[in-house]
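# Analysis of the macromolecular model
One letter stands for each residue in the lines below.
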Amino acid sequence: SFYRSKNVFYLDETSRWLHIVKNASADDISVILDKAMADIEDRNPPLKGALPQNFFATLGTRKEQIKRLIDEVNKIDENRFDEKDLIGRVYEYFLQVFAIDAGTGAEKGEFYTPASIVKLIAELIEPYTGVVYDPCCGSGGMFVQSIKFVERHNGNRMKISVVGQESNPDTWRLAKMNLAIRGIAHNLGDHASSTFIDDQHKDDKVNFIMANPPFNLKNWRGSDELTDDYRWKGYDVPPISNANYAWILHMVSKLDTTNGIGCFLLANGALNSGSEEFKIRKNLIENDKVEAIMVLPREMFYSTNISVSLWIVNNNKKARTLNGRKLRDRSNEFLFVDLRRW
């Protein structure tokens, strides 16, 4: 509990690297590795469900092959770990390669949002303190960048907490590991599930939202599902054929009513989509929720060259002092930026 209060994970001796190296030649090395995984989860509840269980014993790999892998990893000189986030950067690299390999078969941007875009979102909404939420958190990149933003500006990372959800079980585990190796406390729900059908943070209000929802998601609900959901209160029900505006209304409903601000990506089609979406868009403008929309340059994603829009919604556009700066009153004003030729 002392370790967890510092966002540090405790490992029993059986889970430590020296123990693995020492037993690399053992006939039961697969069992030893599986026990290490089980013990890590058992000791650290935030990692529950994140690590592979009974994986090596059922892999069918010869012990000599596993030993060679362990020996290869063991060649990494610990003196090279002068950068605190080196493991995190290696992890990010593999996610990036995974996103490239996923190609057009995956929902655009589903697995990995390029760090440049995530950094831009963090710089725009400045999540210095409070709760950061991502309803479709993927591998957790938005959370990592929010913490990095705080550290870049000499803030206190302990004043930020992250909350989110992810529907893909494999990606949900990736996110939990991604946050764990960086010591970021998180609540991603008890299991992977759809934010729309099974909102695991139903009563939460958050200070910041950073998100990259799957673009133009179809059949996101049944024809009789969520027709009178609290998230659409005051708006038309988003159409089954496209979830873009369901994502927007879901996120608007989550924002702190006094000062909540959200920044998220959407396909450009959301700017001029059909009659059902038009009514929702009209209400969002009349309710003064939209602060800015930026059409980003093309080819910023690894798996697609489409141009996308970055939206900022804000529940407080009044004149005030924020993060040491005086902001003017932007009520009933909207900033539009076209960066397609940049």
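Residues numbered from 1 in each chain as written. Predicted model: local features only at pLDDT ≥ 70, side-chain atom pairs only at ≥ 80, totals over all residues. Heavy atoms only, no water.

## As for the nonpolar core
Convention followed: Only buried Ala, Val, Leu, Ile, Met, Phe, Trp, Tyr and Cys residues count toward a nonpolar core, and they belong to the same one when joined by side-chain atoms within 4.5 Å. Exposure classes here rest on a 1.4 Å probe applied to the protein chains alone. A residue is buried below 20% of its type maximum, exposed above 50%, and partly exposed in between. What counts as a helix is a DSSP run of H or I of at least four residues, what counts as a strand is a run of E of at least two, and both are numbered from the N terminus. Pairs of residues are marked as contacts when any of their non-hydrogen atoms sit within 4.5 Å.
Met 210, Leu 265, Leu 296 and Leu 310 are the most contacted members of the largest nonpolar core, which totals 35 residues. Among the secondary structure elements, those contributing two or more residues to this core are α6 (115-125), α7 (141-152), β2 (160-164), α8 (169-180), β4 (208-211), β5 (261-267), β6 (290-295) and β7 (308-314). Counting residues per element, this core draws most heavily on α7, at six residues. Excluding residues within four positions of it along the chain, Leu 296 makes contact with Ile 117, Leu 120, Leu 265, Ser 307, Val 308, Leu 310, Leu 339 and Arg 340. Counting 29 residues, the second-largest nonpolar core is a separate cluster that includes Tyr 133, Val 206, Tyr 235 and Ala 246.

## Here's the deal with the sheet that holds β5
Put simply, the rule is: What makes two strands pair is DSSP finding at least two bridges between them. The axes are straight lines fitted to the C-alpha atoms, using for helices just the contacting stretch, and the angles between their N-to-C directions are given from 0 to 180°.
Across the sheet, eight strands lie side by side as β3-β2-β1-β4-β5-β7-β6-β10; this open sheet has mixed pairing. Every interior strand has two partners, whereas the edge strands, β3 (186-187) and β10 (335-338), have only one. By the bridge criterion, four bridges tie β6 to β10 in an arrangement that is parallel. Within β10, the residue paired with Val 295 across the bridge is Asp 338. Against the sheet, α7 makes contact with β1 (130-134), β2 and β4, and its axis sits at roughly 170 degrees relative to β2, the strand it touches most.

## Considering the side chain of Asp 34
Structurally, Asp 34 can be placed in helix α3 (residues 29-43). Residues in contact with Asp 34, not counting those within four places in the same chain, are Gln 53, Asn 54, Phe 55, Phe 56 and Ala 57.

## Describing the confidence of the model for the chain
We count it as follows: Note on scores: pLDDT gives the predictor's confidence for each residue, bounded by 0 and 100.
Across the chain, the average pLDDT comes to 87, with 92% of residues at or above 70. Segment residues 104-109: pLDDT under 50, and 10 contacts once partners within four positions in sequence are set aside and those in other chains are kept.

## A closer look at the pairing of β2
With four of five residues buried, β2 is to be regarded as a mostly interior element. Both β1 and β2 contribute to a ladder of five bridges, which runs parallel. Following the sheet pairing, Val 132 is matched in β2 by Val 162. Pairing between β2 and β3: two bridges, direction parallel.

## What about the packing of aromatic side chains?
The condition is simple: Any pair of Phe, Tyr and Trp rings, taking the six-membered ring for Trp, is counted once the centres come within 6.5 Å. Such a pair is stacked with planes under 30 degrees apart, edge-to-face with planes over 60 apart, and tilted for the rest.
Across all of its chains, the model carries seven aromatic pairs by this definition. Each member of the aromatic cluster is reached from another via a ring pair, and the members are Phe 196, Trp 220, Trp 232 and Trp 247.

## Looking at the packing of α3 against helix α4 (residues 63-73)
The packing of two helices is summarised by the inter-axis angle and the distance between the axes. The condition that has to hold: Between 65 and 115 degrees an angle is taken as roughly perpendicular, under 35 as roughly parallel, over 145 as roughly antiparallel, and anywhere else as oblique. All amino acids are sorted into three groups, where Ala, Val, Leu, Ile, Met, Phe, Trp, Tyr, Cys and Pro are nonpolar, Asp, Glu, Lys and Arg are charged, and the leftover types, Gly among them, are polar.
Viewed as axis vectors pointing N to C, α3 and α4 meet at an angle of 55 degrees, and their least axial separation amounts to 9 Å. As far as their axial angle goes, α4 and α3 are oblique. Contacts between α3 and α4 involve Ile 29, Ser 30 and Leu 33 from the first element and Lys 63, Ile 66 and Ile 70 from the second. Here the residues of the contact of α3 with α4 sort into four nonpolar, one polar and one charged.

## A few points about unusual backbone geometry
Leave glycine aside and you will find that most residues have negative phi; peptide bonds, for their part, are mostly trans. Phi is positive for Glu 126, which is not a glycine, with a value near 50 degrees. Tracing the chain through its elements places Glu 126 in the loop between α6 and β1. On the basis of relative accessibility, which here comes to 12%, the residue Glu 126 falls in the buried class. The phi torsion at Asn 219 lies on the positive side, around 50 degrees, for a residue other than glycine. Structurally, Asn 219 can be placed in the loop between β4 and α9 (244-254).

## Considering a nonpolar patch on the surface
So the rule is basically this: Patch criteria: residues need more than 30% relative accessible area and no salt bridge. Like-charged residues are merged within 9 Å; nonpolar side chains of Val, Leu, Ile, Met, Phe, Trp and Tyr are merged within 5 Å. In short, Shrake-Rupley with a 1.4 Å probe defines the accessible areas, and a residue's cover is counted only from the protein chains shown. Each reported salt bridge corresponds to a side-chain nitrogen of Lys or Arg within 4 Å of a carboxyl oxygen of Asp or Glu.
Taken together, the side chains of Trp 17, Leu 69, Val 73 and Ile 76 present a nonpolar region at the surface, about 380 Å² in accessible area. Positionally, Val 73 belongs in helix α4.

## Describing the pattern of salt bridges
Applying the stated criterion across every chain, the model contains 17 salt bridges. Between Asp 39 and Lys 35 there is a salt bridge; the shortest N-O distance is 2.7 Å. Note that Asp 39 and Lys 35 are positioned in helix α3 at a spacing of four residues, about one turn of the helix. With relative accessibility at 15%, the residue Asp 39 sits in the buried group.

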